[in-house]
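# Structural features, examined
Listed below are the residues making up each chain.
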Amino acid sequence: MSKEFIVAIELGSSMIRGIAGHKNPDGSITVLAYATEKSNQCIRKGAVYNVDKTVQAINHVITQMESTLSTRIDRVYVGIGGQSVHSVKNSKEKTFPLETRISDEIVDSLRDDNAATIYPEMQLLYPVAQEFKVDNQYQVDPVGIQCHRIEGNFLNILCRKNNYRNLNNCFERAGLQIAEMYLAPVALADSVLTSTEKRTGCALIDFGAQTTTVAVYYKSILRHLSVVPLGSENITLDLESYPMEREEAESLKLKYGSAYTENENVDPTKKYDINPSRKIDSVKFLEIVEARATEIIANAINQIPTEYSDKLTSGIVITGGGANMRNMQLAIEKINHNYKIRQATFVKQAIKSNKSELNSHDGTLNTLLGLLAKGDMNCAGSQIPTTIFDDHLQPNVAAAAQPTDGKSDGDGKVSNKPEEHAEPVADGKDKDKDKEQNGKESQGNTRAGKFRKGLRKFWNRLMEEENQEDNQ
């Protein structure tokens, strides 16, 4: 088993998924481990709302993968998304008394000014530089141009500070370091969109369980990002009101659900089995499903900014589990026939795995695989001891991820600022005590810490028994 691998974790509204893989010289990725855990009790609309249960779920996923890998996992790549994630436009400018040549330092200062923008109760995740206005001309790269005034236009991706803080706390309490945090929609886009689609303009719509994410690209730059708090699970909830059980509603949706059905294709006499003793009229069923699907699609398309609605030459690219509903593309065409539509059922990278779930091209794992493709840091720790005498197999101490400087390089890497979610302390003495205590608790709460603690107890008990025998 290779002792070098990359690990990615996706915190989805329906499932928490973990994957470990090794990048091959030919660019393909070999999957070494994969694990899932239901998240409906701890993740809501893509954001953590129950930290304790999220930590438990993450630990279960990590434990399953470590068992397969026979190696400890020290750090992970994480995606952040969810309902509160959205984009906001911002601009910063500089004027010069004399005509001045734009340098890298001037551009960097505009980026720094933008990164220092304060948004109450919001965390700046990912600043994206748009065009720079140099006097009256727009330039993507203004360095070297003479001007009296330069204005930097930015698209800042934000989320609620509480969501950001909860996400960091979950992995900290699970004893895992975050190698890098990436904006999940950007990691997804980089893995399913072609360079032509990004350049000529497209809207990527990810139909999830509880949310639908819309990312608009034009001239190879992210222009807009928003999250609609509606997903395929809303269709299931609508069917439950018929009434029927959640499992029955989900099963019917997957088996018979259609985002759009022509009237001539509807059989008014047909009924679908809810269970052995109950049925639902097909007309009623299709009405429920189609009404909610239409609402989700209409809200998603409505997120495309007017200034780009006629510039998306590559149209709409749909992905995610919800995009698999029958006649989804036809439903989108009925709402807006101006766009051509493509369904991205899998990532661009070649994935090698013997697991059928990972080889099923249905779009449900595209974000997770996109996060895995972003990784370039070894996430492996030490070999897991097979006996209590393998105490020399200590876990590797992973280096902490360095916070970014707020300057986007286009890869979706989130600005990670740990100091913003640190707990305040009363004074210096309390700080030292808390630091010492937290260090002990952290060491004791990790899997490696628990093992070492148990090992010490074993040896202490063994030595006590030997001393008793010597005294006798």
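Turning to the packing of helix α8 (residues 282–302) against helix α10 (residues 328–335), a few remarks are in order. Where α8 contacts α10, the two axes come as close as 10 Å, and the packing angle between them is 60 degrees. Considered as vectors, α8 and α10 are oriented oblique to each other. Of the two elements, α8 crosses α10, and the hand of that crossing is right-handed. Where α8 abuts α10, its residues Thr294, Ile297, Ala298 and Ile301 lie against Met328, Ala331, Ile332 and Ile335.

The next thing to look at is the state of the cysteines. Under the definition given, this model contains 0 disulfides. No disulfide involves Cys170; its nearest neighbouring cysteine sulfur is the one of Cys42, lying 7.9 Å away. Residue Cys170 is classed as buried on the basis of its relative accessible area, which comes to 0%.

The strand order across the open sheet built from 5 strands is β15-β14-β13-β18-β19, with neighbouring strands paired in mixed fashion. Strand pairing shows two members of the sheet lacking a second neighbour, β15 (221–228) and β19 (341–343), which therefore form its edges. If you compare each strand with its neighbour and ignore which way they point, the axes differ by 20 degrees on average. One ladder, built from 7 bridges, connects strand β14 (residues 212–218) with β15; its direction is antiparallel. Residue pairing across strands places Thr212 opposite Val228, the latter belonging to β15.

The rules behind the values
- Residues numbered from 1 in each chain as written.
- Predicted model: local features only at pLDDT ≥ 70, side-chain atom pairs only at ≥ 80, totals over all residues.
- Heavy atoms only, no water.
- Axes fitted to C-alpha atoms, helices over the stretch in contact; angles between N-to-C directions.
- Helix = DSSP H or I, 4+ residues; strand = E, 2+ residues; numbered from the N terminus.
- Parallel < 35°, antiparallel > 145°, perpendicular 65-115°, else oblique.
- Left-handed = near helix turned anticlockwise from the far one by under 90°.
- Contact = heavy atoms within 4.5 Å.
- Disulfide = S-S within 2.5 Å.
- Buried < 20%, exposed > 50% of the residue type's maximum accessible area, 1.4 Å probe, protein only.
- Pairing = 2+ DSSP bridges.

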